[in-house]
Amino acid sequence: GFSDAVTEVSVYPAGGQEQSAVRSLRGTVETHRRRSAAMSVAAGRLRIGQQGGKLSQALRRASAGVRGCTEQSRGSLVTGERKWSDHVHWRAGRDISVSMGTQPRHHPASIAAETPSYDFDQLYFNNFQELPSLPIPNLDDTLDRYLKSLRPLLEPAMLEAHTVKVEEFRRNEGPQLQKELIEASARAGYPYSYIEKYWDDMYLQLRSPGPVHVNVGYSLRDDNDNMGQAPQSRRLAKFIISSFRWQQKLLMGRIEPDKGCLSPVGRLLGTARIPQTGRDALRFFPDASHIVLMRSNRFFRLDVMTQDGQAMLTLEELQRQIQHIIDTVHPVPVDQVGIGCLTMEDRDAWAGHRRVLEEHGNNRRMLALVDSALLIVCLDGTTHKNNNERSQQLLHGGANGENLSNRWYDKFQVISCPGGTLGINFEHSYADGIAWNRWLSETWYDMQDTANPDGWERLPRLTQVAQLPGLRTNGPSELNFVLPPGIESAMKAARERALSLVEGHTTQMLHLDSLNKAKIKAWGFSPDSFAQMLFQLAYYRLHGKMGATYESCATRKFFHGRTECIRSAHQEAKEMCVALSSDLRPVKPGYVTTTAGERYALVVRAINEQNTISKLAVNGQGVDRHLLALNKVAQGVTPLSPPLSFGDPSKSPAMFTDEAFAFSQTWMMSTSNVTTPWNVIFNFGPVADDGYGLGYLVHEDELIVNVTSWSHSKVSDAVAMSEAIQEAAHILRATVEKGEEMKGSAK
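Quick caveat, the model's predicted, so the values are computed rather than measured. (Residues numbered from 1 in each chain as written. Predicted model: local features only at pLDDT ≥ 70, side-chain atom pairs only at ≥ 80, totals over all residues. Heavy atoms only, no water.)

Undergrad: Please set out the overall build of the protein residue by residue, giving values where relevant.
TA: Helix and strand counts for the protein stand at 25 helices and 20 strands. Across the 747 residues in the protein, those meeting the buried criterion constitute 61%. (Helix = DSSP H or I, 4+ residues; strand = E, 2+ residues; numbered from the N terminus. Buried < 20%, exposed > 50% of the residue type's maximum accessible area, 1.4 Å probe, protein only.)

Undergrad: Got a sec to walk through the packing of helix α9 (residues 173-184) against helix α22 (residues 624-634)? Specific residues and values, please.
TA: Where α9 contacts α22, the two axes come as close as 9 Å, and the packing angle between them is 95 degrees. Taken together, the axes of α9 and α22 lie roughly perpendicular to each other. Along the contact surface, α9 presents Leu177, Gln178, Glu180 and Leu181, while α22 presents His626, Ala629, Leu630, Val633 and Ala634. (Axes fitted to C-alpha atoms, helices over the stretch in contact; angles between N-to-C directions. Parallel < 35°, antiparallel > 145°, perpendicular 65-115°, else oblique. Contact = heavy atoms within 4.5 Å.)

Undergrad: Talk me through the packing of aromatic side chains; I want residue IDs and the actual numbers.
TA: Tallied over the full model, the rule gives 28 aromatic pairs. Ring geometry for Tyr218 against Phe682: centres 5.7 Å apart, planes inclined by 85 degrees, an arrangement best described as edge-to-face. With Tyr218 in strand β3 (residues 216-220) and Phe682 in strand β18 (residues 679-683), the pair connects residues that are 464 residues apart, well separated along the chain. Its relative accessible area of 0% is what places Tyr218 among the buried residues. Given the relative accessible area of 4%, Phe682 is considered buried. Arg267 extends its terminal NZ or CZ atom over the ring of Tyr124, reaching a point 3.4 Å from the ring centre. (Phe/Tyr/Trp six-rings, centres within 6.5 Å; stacked < 30°, edge-to-face > 60°. Lys NZ or Arg CZ within 6 Å of the ring centre and 35° of its normal.)

Undergrad: Account for the sheet that holds strand β16 (residues 563-567), with residues named and values stated.
TA: Within the open sheet, the six strands sit side by side as β14-β20-β19-β17-β15-β16. Their pairing is mixed. If you trace the sheet from one side to the other, it starts and ends with β14 (505-512) and β16, each paired once. For this sheet, the mean inter-axis angle between neighbouring strands, taken without regard to orientation, is 20 degrees. Relative to strand β17 (residues 669-673), strand β15 (residues 549-554) runs parallel, the two sharing three bridges. When the sheet's bridge partners are listed, Glu551 is paired in β17 with Thr671. Set on the sheet, helix α19 (residues 527-543) makes contact with β14, β15, β17, β19 (692-698) and β20 (703-710); between it and β19 the angle comes to about 145 degrees. (Pairing = 2+ DSSP bridges.)

Undergrad: An account of the nonpolar core is needed here, citing residue identities and associated values.
TA: With 95 residues, the main nonpolar core has Phe239, Leu268, Ile322 and Trp439 as its most contacted residues. Here this core gets nine residues from one element, more than from any other, and that element is helix α11 (residues 231-251). For Ile322, the contacting residues outside a window of four places in its chain are Ser233, Leu236, Ala237, Ile240, Leu293, Leu302 and Leu379. Counting 53 residues, the second-largest nonpolar core is a separate cluster that includes Trp199, Leu537, Cys565 and Ala718. (Core = buried A, V, L, I, M, F, W, Y, C linked by side-chain atoms within 4.5 Å.)

Undergrad: Account for the packing of helix α20 (residues 571-579) against helix α21 (residues 596-618), naming residues and giving values.
TA: Viewed as axis vectors pointing N to C, α20 and α21 meet at an angle of 155 degrees, and their least axial separation amounts to 8 Å. Between α20 and α21, the crossing angle belongs to the class labelled roughly antiparallel. For the crossing formed where α20 meets α21, the hand is left-handed. Every residue of α21 that contacts α20 at Glu572, Ala573, Glu575, Met576 and Ala579 is listed here: Arg599, Leu602, Val603, Arg605, Ala606 and Glu609. The residue inventory of the contact of α20 with α21, partitioned by class, reads six nonpolar, no polar and five charged. (Left-handed = near helix turned anticlockwise from the far one by under 90°. Nonpolar A, V, L, I, M, F, W, Y, C, P; charged D, E, K, R; others polar.)

Undergrad: Please set out the sheet that holds strand β9 (residues 376-379) residue by residue, giving values where relevant.
TA: The eight strands lie next to each other as β13-β7-β6-β9-β10-β11-β3-β18, forming an open sheet whose pairing is mixed. Of all strands in the sheet, those bounded by a partner on one side alone are β13 (477-479) and β18. Looking at each pair of strands side by side, their axes are set apart by 25 degrees on average, direction ignored. Bridge count for β3 against strand β11 (residues 422-426) is four bridges, and the pairing is antiparallel. Along β11, the bridge assignment pairs Tyr218 with Ile424.

Undergrad: Give a detailed account of α9, specifying residues and quantitative values.
TA: The first and last C-alpha atoms of α9 sit 17 Å apart over 12 residues, in line with the 16 Å expected at 1.5 Å per residue. For α9, the complete set of buried residues consists of Gly174, Leu177, Gln178, Leu181 and Ala184. The arc that holds the buried residues of α9, viewed along the axis, is 135 degrees, so those residues lie on one side. Packing partners of the buried residues in α9 comprise α7 (139-150), α8 (156-171) and α22. (Expected span 1.5 Å × (residues − 1). Arc of directions from axis to C-beta.)

Undergrad: Can you explain the pairing of β15? Please cite residues and give values.
TA: Both β15 and β16 contribute to a ladder of five bridges, which runs antiparallel. The residue bridging Glu551 from the neighbouring strand is Ile566, located in β16.

Undergrad: Would you mind going over the environment of His290 in detail, with residue names and values included?
TA: Mapped onto the fold, His290 is located in strand β6 (residues 290-295). Sequence-wise, His290 and Leu374 are 84 residues apart; in three dimensions their C-alpha atoms are separated by 6.2 Å. In contact with His290, other than residues within four places in its own chain, are Phe244, Arg301, Leu302, Asp303, Val304, Leu369, Ser372, Ala373, Leu374 and Leu375. From its side chain, His290 meets the backbone oxygen of Leu369 in a polar contact 2.9 Å long. (Polar contact = N/O pair within 3.5 Å; in protein donor to acceptor, adjacent residues only side chain to side chain.)

Undergrad: Can you explain the environment of Asn452? Please cite residues and give values.
TA: You can see Asn452 is positioned in the loop between α16 (433-447) and β12 (463-465). On the basis of relative accessibility, which here comes to 9%, the residue Asn452 falls in the buried class. Placed 10 residues apart in sequence, Asn452 and Glu442 show a C-alpha to C-alpha distance of 6.6 Å. Aside from chain neighbours lying at most four places away, what touches Asn452 is Ser441, Glu442 and Tyr445. A polar side-chain atom of Asn452 sits 2.9 Å from the main-chain amide nitrogen of Asp454.

Undergrad: Please set out unusual backbone geometry residue by residue, giving values where relevant.
TA: Residue Pro191 is bonded to the preceding Tyr190 through a cis peptide linkage, with omega at -5 degrees. Turning to its location among the elements, Pro191 is positioned in the loop between α9 and α10 (196-205). Of note, Ser296 is a non-glycine position whose phi angle comes to about 55 degrees, a positive value. With phi around 65 degrees, His560 is a residue other than glycine that occupies positive phi space. Checked against the element boundaries, His560 lands in the loop between β15 and β16.

Undergrad: Describe the pattern of salt bridges, naming the residues involved and giving the relevant values.
TA: Applying the stated criterion to the full structure yields 45 salt bridges. Across the pair Arg301 and Asp303 runs a salt bridge whose closest N-O atoms are separated by 3.1 Å. With relative accessibility at 16%, the residue Asp303 sits in the buried group. Here Glu740 and Lys743 are joined by a salt bridge, their closest N and O atoms 3.3 Å apart. Of the two residues, Glu740 and Lys743 both sit in helix α25 (residues 718-746), three residues apart, roughly one turn of that helix. By relative accessible area, Glu740 is classed as partly exposed at 23%. Relative accessible area serves as the criterion here: at 38%, Lys743 is assigned to the partly exposed category. When salt bridges with common partners are traced through the structure, they connect Arg207, Arg273, Asp280, Arg347, Asp348, Asp410 and Glu427 into a single cluster. (Salt bridge = Lys/Arg side-chain N within 4 Å of Asp/Glu carboxyl O.)

Undergrad: Outline the side chain of Asn297, listing residues and values.
TA: Note that Asn297 resides in the loop between β6 and β7 (298-303). A distance of 3.2 Å separates a polar atom in the side chain of Asn297 from the backbone oxygen of Gln336. If near-sequence neighbours (up to four positions away) are discounted, Asn297 is found in contact with Val332, Gln336, Val337, Gly338, Ser405 and Asn406.

Listed below in structure tokens is the structure:
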């Protein structure tokens, strides 16, 4: 297994021999020695691994890690002490810079002399912010909250039967599983929380296509550059330069700590998800100096920065290079296939196709250049006519399939349209909305040449040059792939499946200026909690019942914290929905109506409950992550188990195999809020066959909701849900305004 280990850790993408591994490891160490020497704050110190140490220690640990590897799975190596990926895998992608000629970065002396907040090479591993670990909730508290969340969802008989199984679990298996989970999570190193290994496995072992199912989309607000000449190339060039500046600030250790864990931001730009059978792997290229542009299914490499990080292209030259591609690469027929559509395939199928591609011509190097780009840029040639089309173009390429092959879903993609609109399609396995927002917020305000309202330091200004060494003056260099026999038919089949996915998906954008952040806060409510109760009311009025709801919240106050689920469909929400839907209920003998004051009180009570459970979830006291971990331990998969450890599902306690448990996690509404002033679209697909995806933004002057559903569903309908939200907004606003009026009169 040594050569496999070397390939995995040291010499990607080339094959592995022991000498290559040692050379690569020494090259990595020497790169860090030179970088540290260039920064006065790090002079004389080389820190590799959390333990710090000398070159010989680093080499001994690295070589021992390979020799001592007891079990290998794709995407991660396991040593006797901790995951190999924690020490060297972080730099595995970066080692490609040695073989491809990248020079170590030497930051400008004026910037390097400033004291950094962190050592970039330790950002992922070192808890420099001294944040607490994500707590493992008390077993009884989790089970109590779980049972409470079921009341509005289950019929009384089902709830009673399931409660018996939950109480059996509380008395019998639960305490022992809790003990095992605590013990397995107590060790230092990866996983850094009790849920991290399970969450990474969930994403990387998921075999469904990335677009719609996993990846999500943003759209940046238009600005003055949209109205100027050549808006596509001009605005895109500004965005790329600002993104490279942000990455330089990150590498310098200058990203200011905020209230949340910064560890994810080091893995945003330059990261690639590599398809592998069973479980994908992540590769990291934070030092990337180039981007890859896609136009009409073709790939072009464009160097933006010198390999030593000392200088970058001028805005004018970068725009000229981009415009050259726009002007010379003409549109192709909509049904023409390209390699990009393979990234929309089932992950095992794509892994097989990629292996075939790598065996022919210079494809291995071409794919390595795509993987190691800081960003993928998709230069679309079509203009959307409305916000629905704009949303679809970001999420999956567009409803008619014209951009299906002009995408690469294994990396962050910048979607650029002729009118200058910019959006991002995020590969979601390794980061979440708050980390994305940190990058894009600083980048956005740098594009506008204005100070960031959060008070963050302006992005560094590097020397700008009109020509980089080796850069072609007649445009970026094309990456020419050799298509092996049979791959074209595979691409055609992939496109047909991708087109079926796109055609089976419905998107409906909704803008509500009658409800906005300013108005909701004036009423004294949390804008997010208010929006959640709006969705509950809309769903109830449309479907006549409550639907299990997943609201994602961040747990960034903890080291390596990612997300938790807020179960928004609670009993207090149901009581509010029933009272505010009396116009839909037939008047029967004994039916008790509610007064305006009572309805207002129910709204307040529902929002207060939403506030309460949201605070619990943000503090790591949710339900679903803890139950997931307990069930995994019961199946024989602990936080220390290697990847591709599936355990034995037959060992799950009866509580987890009961129909009620699955029903409570069939998310009829999957919701998330990533509000920022510069974002105007946030979209993702539904996670249940008859469910909805609700990405929303609560701006000062409007509430924006992107509703998605599956076209084949006979239950969910994005258009109908959008109309129900508008109707519910009118009812909810009238209820609150009446209640506020009554409060004023009482005074």
